[in-house]
Amino acid sequence: MKLKEIYNSTKPVISFEVFPPKIKSPEEKKHKMQALLCELSRLSKYNPAFISVTYGAGGGTRETTFELVLMIKDELNIQPMPHFTCVGSARNEILQYIKKFESHGIYNILALRGDPPRGEKKFVKPKDGFGYANELVEFINAKTGLGIGVAGYPECHPDCCSLEVDIQNLKRKVDSGAEAVITQLFYDNQRYFDFVEKARLAGINIPIIPGILPITSHNQLDKIVTLSGCALPAQFMADLEKNKNNPEAIKTIGLDFSVNQCKELLENGMPGIHFYTLNKAFAVKNILDRLEINKNEYSGV
Ligand code: FAD
């Protein structure tokens, strides 16, 4: 099913994100890919509509992304959604790569600009490539029959001067053919609700799916805040700080927070939730069990 049909469901649509494991040797590759599939098989009973697979910054995971996508489809019988970025690719290479997905029975792709390569401050448009995601969306839309997802930023993309301008740029992606928006992770639902309201006022009428990353350890905190730039509610932050030397308490606080966050999102009619799994089943499983979203809730196949 393409994204447009997936989000036509009256039930909450659950989806997961994974990344290709870092691999040093062929033996390690076999082992790590199987371990990841094993984790994902523990989540398959929640009937995800799709599992998205990231594309390494700079295109470094091009082949492993492709292999993992096929493994998810063939071994778990779940629709994968590969991510793809404009970084370092010219149009002809892009077309070759994405057509391969289409010919292997993949229905959707997440089209991104990508970040500048490490050590560089600004994104540089590749020769004969694309400078912004909306150009990539337009290209994929013209050249393939894939359903296209794009990224959205409830707290504004870090390169952009204001949320209003960023939303106008999001609209370009929608006008170019995107069928759904998946958001950057966030912890303050109000910021997400405001973002959706502003996007609707700007004429964006496709589903905007909240991206949720449960916090299960204190180590994650700095990374999350630095990488995503998202704000943590003061009380949540204080609770995490107070318990920083108690890993079990952090887990409980983080999972309780995510359960409540998802509950509020679903109660307010959000079409689904996209979980950043960090390649582990434990946290998402705990949350979905407590939300009582199980295999009878939705069939995405
Ligand atoms: P764009 O939509 O092109 O926006 C980039 C910046 O340019 C924004 O500030 C925007 O306001 C501005 N802009 C957009 N269009 C125009 C225009 N036409 N004219 C002027 N300004 C414009 N990165 C990876 O490397 N691999 C992944 O797998 C990956 N997966 C992701 C999944 C999700 C759900 C999200 C939210 C992000 C993901 N990223 C990934 C990160 C993403 O690549 C970066 O955030 C990147 O900096 C922006 O990508 P984008 O597609 O949002 O870019």
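Preceding this paragraph is the structure being described.
Residues numbered from 1 in each chain as written. Predicted model: local features only at pLDDT ≥ 70, side-chain atom pairs only at ≥ 80, totals over all residues. Heavy atoms only, no water.

(A) Representation of the overall build of the chain within the structure. Helices and strands together make up the secondary structure of the chain, namely eleven helices and eight strands. For 301 residues, the compact-globule estimate of 2.2 N^0.38 gives 19 Å, and the chain sits close to it at 19 Å. The dimensions of the chain, computed from C-alpha atoms along their principal axes, are 50 × 45 × 45 Å. Classification of the 301 residues of the chain by burial places 52% in the buried group. Summed over all atoms, the accessible surface of the chain reaches about 14,500 Å², with 50% contributed by carbon and sulfur. Charge-centre separation for the chain: the mean point of 37 positive side chains lies 4 Å from the mean point of 35 negative side chains. (Helix = DSSP H or I, 4+ residues; strand = E, 2+ residues; numbered from the N terminus. Rg over C-alpha atoms; globule rule 2.2 N^0.38 Å. Buried < 20%, exposed > 50% of the residue type's maximum accessible area, 1.4 Å probe, protein only. Areas by Shrake-Rupley, 256 points an atom, 1.4 Å probe, with all protein chains shown as cover. Lys, Arg positive; Asp, Glu negative; His and termini not counted. Charge placed at Lys NZ, Arg CZ, Asp CG, Glu CD.)

(B) Here's a closer look at the packing of helix H4 (residues 91-103) against helix H5 (residues 133-143). Interaxial distance between H4 and H5 falls to 11 Å at its minimum, and their mutual angle equals 55 degrees. What the angle tells us is that H4 and H5 run oblique. Along this stretch, H4 crosses H5, giving a crossing that reads as right-handed. Listed contacts from H5 to Arg91, Ile94, Leu95, Ile98 and Lys99 of H4 are Leu136, Phe139, Ile140 and Lys143. In terms of residue class, the contact of H4 with H5 is made up of six nonpolar, no polar and three charged. (Axes fitted to C-alpha atoms, helices over the stretch in contact; angles between N-to-C directions. Parallel < 35°, antiparallel > 145°, perpendicular 65-115°, else oblique. Left-handed = near helix turned anticlockwise from the far one by under 90°. Contact = heavy atoms within 4.5 Å. Nonpolar A, V, L, I, M, F, W, Y, C, P; charged D, E, K, R; others polar.)

(C) A look at the pairing of strand E5 (residues 147-152). For E5, the buried fraction is high: six of the six residues fall into the buried class. Side chains of E5 alternate between two faces, with Gly147, Gly149 and Ala151 and Ile148, Val150 and Gly152 buried alike. Taken together, strand E4 (residues 108-112), H5 and E5 constitute a β-α-β crossover, and its handedness is right-handed. The sheet contact formed by E5 and strand E6 (residues 180-185) spans four bridges and is parallel. Counterpart to Gly149 in the pairing with E6 is Ala180. Following the chain from E5 across helix H6 (residues 163-175) to the adjacent parallel E6, one finds a crossover that is right-handed. (Right-handed = clockwise from strand over helix to strand, strands pointing away. Pairing = 2+ DSSP bridges.)

(D) Summary view of the environment of Arg91. Looking at the secondary structure, you find Arg91 in helix H4. Sequence-wise, Arg91 and Phe101 are ten residues apart; in three dimensions their C-alpha atoms are separated by 16 Å. Excluding its chain neighbours within four sequence positions, the residues that come into contact with Arg91 are Asp128, Gly129, Phe130 and Phe139.

(E) Seen up close, the nonpolar core. Core analysis: the largest hydrophobic core is formed by 71 residues, its most contacted members being Ile72 and Phe275. Sort the elements by how many residues they give to this core and helix H3 (residues 62-76) lands first, with seven residues. One finds Ala151, Ala180, Leu221 and Leu240 within the second-largest nonpolar core, a separate group that totals 27 residues. (Core = buried A, V, L, I, M, F, W, Y, C linked by side-chain atoms within 4.5 Å.)

(F) Broad picture of the site of the ligand. Taken together, 25 residues lie near the ligand, and Tyr55, Asp115, Tyr153, Asp166 and Lys173 sit nearest. One of the backbone nitrogen or oxygen atoms of Ala133 is found 2.8 Å away from an oxygen atom of the ligand. At 2.9 Å, a side-chain N or O of Asn169 approaches an oxygen atom of the ligand. Computed on the free molecule, the ligand has an accessible area of 980 Å², of which 88% lies beneath the protein chains in the complex. Counting residues per element, the ones that place at least two in the shell around the ligand are strand E3 (80-85), E4, H5, H6 and E6. Sort the elements by how many residues they give to the shell around the ligand and H6 lands first, with four residues. (Near = heavy atom within 4 Å. Polar contact = N/O pair within 3.5 Å; in protein donor to acceptor, adjacent residues only side chain to side chain.)

(G) Representation of unusual backbone geometry. Backbone geometry places Asn77, a non-glycine residue, at a positive phi of 60 degrees. Structurally, the position occupied by Asn77 is in the loop between H3 and E3. Positive phi is not limited to glycine here, since Asn279 has a value of about 70 degrees. By the secondary structure assignment, Asn279 is in the loop between strand E8 (272-276) and helix H11 (282-291).

So, to be careful, I would describe these as geometric facts and stop short of saying anything about function.
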